[in-house]
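Spelled out, the chains give:
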Amino acid sequence: MRMRCSITWMVLGLAVVAAAQSTKGHEAILLWTKDAPESHAGTTPETIRVTPEGDHVITHVERPSITPYLPPAGTATGAAVIVAPGGGHSEIWIEHEGYRVAEWLSSHGVVAFVLQYRLSRATGSIYTVEGTELGDMQRAIRAVRSRSKEWSIDPKRVGVMGFSAGGELAALASTRYDAGRPDASDPAERMSSKPDFQALLYPALPHDTRLTAETPRAFLVCGALDRVNISQGLPEFYLALARLHIPAELHVYAGVGHGFGVRSSNPKPVADWPELFLEWMSGQGLLRRP
C-alpha cells in the first residue's frame, strides 16, 4: 500500500442536450432508447446551473446517458472506465469529476464514459440510490460491454470510477451485480454488470459494503481533511479489502479535503492522482493492447 497521509440557471429539455453543450463535440448516448425503467421524463424540468467558477452542475436527470471519450487513433489500450461524478445524489458536478477526468483518461489510451444518472435526492425525486441510480450504473456497464468491439474495448477490462456520491455508486456496482440474461432480446441485458476494477475517490461508502473475495480490485483516494466517514472510512475499507486478499491501493493526501477531482488549481501532490491511477492500471495489467 502507498499512502499520502449568485448562480445562473438554464432550463433545458433533456439532460442529453445539456451534455452535448458541455463536451466540445462529444455526443451523449441514452442508456435506453425508450424511457428508462421507472422514468418520469417530462414531469420535472432538467436543469444546469453554472457556478461563479464556471462549473456546470446538472440536476433532475430523467434520461440517463453515457458520454464517450475515445482515445486518439492507434492509442487505445483496450481498457475502459465509466466515470460517475458526484453531487450528493441531488445534482451532478459534471466537469471536474466527469468531462475533465474522461478527457485525461482518453488522452492516455483509456476509453472513458461520463455517466449522467437519475438523482434520488433531487427536489421531488421518487428515485432511490440502490434501485434507480445503481440500475443506471449497471446499465452503463452492460451497454459498454455490448458495444466493446465498436469502441476497441476488451470487455474483461471495463471498470468504474466514482467521486463522492458517484463513488458510492461505483462501490455498490462492485458488490451488487449479475451475469446478465442470455435470453434477453436487448443485447445489453445479456452482458454482466460486474466491473473488472473500481476507482473510488472520496466516496460516500455504502453502509452495507457486502465485500467478498470476488469484489473487484480497487484504487482508493481521499483527503485527510475530508469528513471522518471518508478520511477514516476509506482506509478502513482498504483494510477490509486487504483481509480478503483483494488487490488495492490507497492514497490519503495530507492537507486536502473533499471534491478536488481534476482541476487546474489542484496543488501537488493531489494533482498527480490521475498519474498514479494510470500507474496502478498498468501494474494490474489493465493497459494491454486489445
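As the structure is a computational prediction, the values presented were derived from the model and not from experiment.

## Some details on the sheet that holds strand β10 (residues 197–201)
Here is step 1: With mixed pairing, eight strands are arranged side by side in an open sheet as β2-β5-β8-β6-β9-β10-β11-β12. Single-partner strands in this sheet number two, and they are β2 (29–30) and β12 (248–253).
Here is step 2: Across two bridges, the pairing between β2 and strand β5 (residues 65–69) is antiparallel. Paired with L30 across the strands is S65, a residue of β5.
Here is step 3: The sheet contacts of helix α4 (residues 165–173) involve β6 (80–84), β9 (158–163) and β10, and relative to β9 the element is tilted by about 150°.

## Thoughts on helix α3 (residues 129–146)
Here is step 1: An ideal rise of 1.5 Å per residue puts 26 Å on 18 residues; α3 measures up with 24 Å between its terminal C-alpha atoms.
Here is step 2: The principal kink in α3, of about 30°, is found at G135.
Here is step 3: Within α3, 15 of the 18 residues are buried, which leaves it mostly tucked inside the rest of the structure.

## Some points on the packing of aromatic side chains
Here is step 1: For the coordinates displayed, the defined rule picks out nine aromatic pairs.
Here is step 2: Taking the centre distance of 5.9 Å and the plane angle of 45° together, the rings of F219 and W280 count as tilted. Residue F219 is found in strand β11 (residues 217–223), and its partner W280 is found in helix α7 (residues 273–283); the two are separated by 61 residues along the sequence. For the pair shown, F219 and W280 are each scored as buried.
Here is step 3: An aromatic cluster of at least three residues, connected via ring pairs, comprises F163, Y202, F260 and W273.
Here is step 4: The positively charged end of R118 is found above the aromatic ring belonging to Y127, 5.2 Å away from the centroid.

## Notes on empty space enclosed by the protein
Here is step 1: Each pocket or cavity is described by its volume, and for the largest cavity that value is around 40 Å³.
Here is step 2: Taken together, L30, W32, K34, D35, A36, S39, E62, R63 and P64 make up the full set of residues lining the largest cavity.
Here is step 3: Space inside the second largest cavity adds up to approximately 30 Å³.
Here is step 4: As for the second largest cavity, its lining consists of V101, W104, L105, V262, W273, P274 and F277.
Here is step 5: Looking at the lining of the second largest cavity, the elements that each hand over two or more residues are α2 (95–107) and α7.

## A look at the side chain of R145
Here is step 1: With respect to the helices and strands, the residue R145 is situated in helix α3.
Here is step 2: If sequence neighbours within four positions are ignored, R145 has contacts with P155, V158, M191, S192, S193, K194, P195 and D196.

## Notes on the packing of α2 against α7
Here is step 1: Interhelical geometry of α2 versus α7 gives an angle of 45° and a closest axis separation of 11 Å. As summarised for this structure, α2 and α7 are arranged oblique, according to the angle between their axes. Of the two elements, α2 crosses α7, and the hand of that crossing is right-handed. Contacts between α2 and α7 involve V101, W104 and L105 from the former and W273, P274, E275, F277 and L278 from the latter.

## What to know about the pattern of salt bridges
Here is step 1: For the structure shown, the criterion picks out 14 salt bridges.
Here is step 2: With its nearest N and O atoms 3.8 Å apart, the salt bridge here joins E189 to R142. Of this pair, E189 sits in the loop between α4 and β10 while R142 sits in helix α3, and the two are 47 residues apart along the sequence. Comparing E189 with R142 shows no difference in burial state: the two are buried.
Here is step 3: Several salt bridges converge on common partners, so that one network encompasses R139, R142, D178, D186 and E189.

## Notes on the nonpolar core
Here is step 1: Formed by 82 residues in total, the largest nonpolar core has its most connected members in I82, W273 and F277.
Here is step 2: Broken down by element, the residue count for this core peaks at seven residues, all from α3.
Here is step 3: Those residues within four positions of I82 in sequence are excluded, and the remaining contacts are F113, L115, M137, A140, I141, V144, V158, G159, V160 and M161.

## Points about the pairing of strand β3 (residues 46–50)
Here is step 1: For β3, a buried count of four out of five residues is recorded, marking the element as mostly surrounded by other parts of the structure.
Here is step 2: Relative to strand β4 (residues 56–59), β3 runs antiparallel, the two being bridged by four bridges. Bridging across to β4, T47 finds its partner in T59.
Here is step 3: Connecting β3 to the antiparallel partner β4 that follows it, the hairpin turn spans five residues, and G54 within it adopts a positive phi of roughly 95°.

## Digging into the layout of surface pockets
Here is step 1: Computed from the structure, the largest pocket encloses a volume of approximately 270 Å³.
Here is step 2: In terms of lining, the largest pocket is formed by 14 residues, of which the most central are E168, A204, L205, P206 and H207.
Here is step 3: Secondary structure elements with two or more residues in the lining of the largest pocket: α3 and α4.
Here is step 4: Considering only residue class, the lining of the largest pocket consists of five nonpolar, five polar and four charged.

The rules we used
Residues numbered from 1 in each chain as written. Predicted model: local features only at pLDDT ≥ 70, side-chain atom pairs only at ≥ 80, totals over all residues. Heavy atoms only, no water. Pairing = 2+ DSSP bridges. Helix = DSSP H or I, 4+ residues; strand = E, 2+ residues; numbered from the N terminus. Contact = heavy atoms within 4.5 Å. Axes fitted to C-alpha atoms, helices over the stretch in contact; angles between N-to-C directions. Expected span 1.5 Å × (residues − 1). Bend = angle between axes of the 7 residues up to and from the residue. Buried < 20%, exposed > 50% of the residue type's maximum accessible area, 1.4 Å probe, protein only. Phe/Tyr/Trp six-rings, centres within 6.5 Å; stacked < 30°, edge-to-face > 60°. Lys NZ or Arg CZ within 6 Å of the ring centre and 35° of its normal. 1 Å grid on protein atoms, 1.4 Å probe; cavity = no way out; pocket = protein on both sides within 12 Å on 5 of 7 lines; lining within 4 Å. Points joined across faces, edges and corners; volume = space filled by probe spheres on them. Parallel < 35°, antiparallel > 145°, perpendicular 65-115°, else oblique. Left-handed = near helix turned anticlockwise from the far one by under 90°. Salt bridge = Lys/Arg side-chain N within 4 Å of Asp/Glu carboxyl O. Core = buried A, V, L, I, M, F, W, Y, C linked by side-chain atoms within 4.5 Å. Nonpolar A, V, L, I, M, F, W, Y, C, P; charged D, E, K, R; others polar.

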